Amino acid sequence: MATTNPVQFIQQTRSEIAKITWPGRREVVLTTVMVFLLATLAATFFFLVDLLIRTGLTEVLSAF
């Protein structure tokens, strides 16, 4: 394993940090909206599945 002295480590870290590209405002807004939309769709889907299962079980159990 190669050892790196602290000065080289800091230089390499700075060069890697310089490569970072941050998302623009538009991209952040779009991805945030998409997350909220998909979370809402998933919540609605699971609500409907839960309702269906609950209704089915209630009907089956009330038959006894």
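Rules and cut-offs
- Residues numbered from 1 in each chain as written.
- Predicted model: local features only at pLDDT ≥ 70, side-chain atom pairs only at ≥ 80, totals over all residues.
- Heavy atoms only, no water.
- Helix = DSSP H or I, 4+ residues; strand = E, 2+ residues; numbered from the N terminus.
- Rg over C-alpha atoms; globule rule 2.2 N^0.38 Å.
- Buried < 20%, exposed > 50% of the residue type's maximum accessible area, 1.4 Å probe, protein only.
- Areas by Shrake-Rupley, 256 points an atom, 1.4 Å probe, with all protein chains shown as cover.
- Expected span 1.5 Å × (residues − 1).
- Polar contact = N/O pair within 3.5 Å; in protein donor to acceptor, adjacent residues only side chain to side chain.
- Phe/Tyr/Trp six-rings, centres within 6.5 Å; stacked < 30°, edge-to-face > 60°.

(A) Highlighting the overall build of the protein. Along its length, the protein carries two helices and zero strands. Computed over the C-alpha atoms, the radius of gyration of the protein is 26 Å, more than 25% above the 11 Å expected from 2.2 N^0.38 for a compact globule of 64 residues. For the protein, the spread of C-alpha atoms along the principal axes amounts to about 75 × 35 × 10 Å. By the burial criterion, 0% of the 64 residues in the protein qualify as buried. Looking at the protein as shown, the accessible area adds up to about 6,400 Å², and 72% of this sits on carbon and sulfur atoms.

(B) Helix H1 (residues 6-18), seen in detail. With 13 residues, H1 ought to run about 18 Å at 1.5 Å a step, and its terminal C-alpha atoms sit 18 Å apart, in line with that. Looking at where H1 begins, the residue whose side-chain oxygen comes 3.2 Å from the main-chain nitrogen of Val7 is Asn5.

(C) Expanded view of the packing of aromatic side chains. All chains considered together, the criterion is met by one aromatic pair. Ring geometry for Phe45 versus Phe46: centroids 5.2 Å apart, planes at 70°, classification edge-to-face. Of the two residues, Phe45 and Phe46, both sit in the exposed class.

(D) Spatial organisation of the environment of Phe64. In this structure, Phe64 sits in the segment after helix H2 (25-62). Under the relative-accessibility criterion, Phe64 is labelled exposed at 83%. Between the C-alpha atoms of Phe64 and Ile53, which are eleven residues apart in sequence, the distance is 17 Å.

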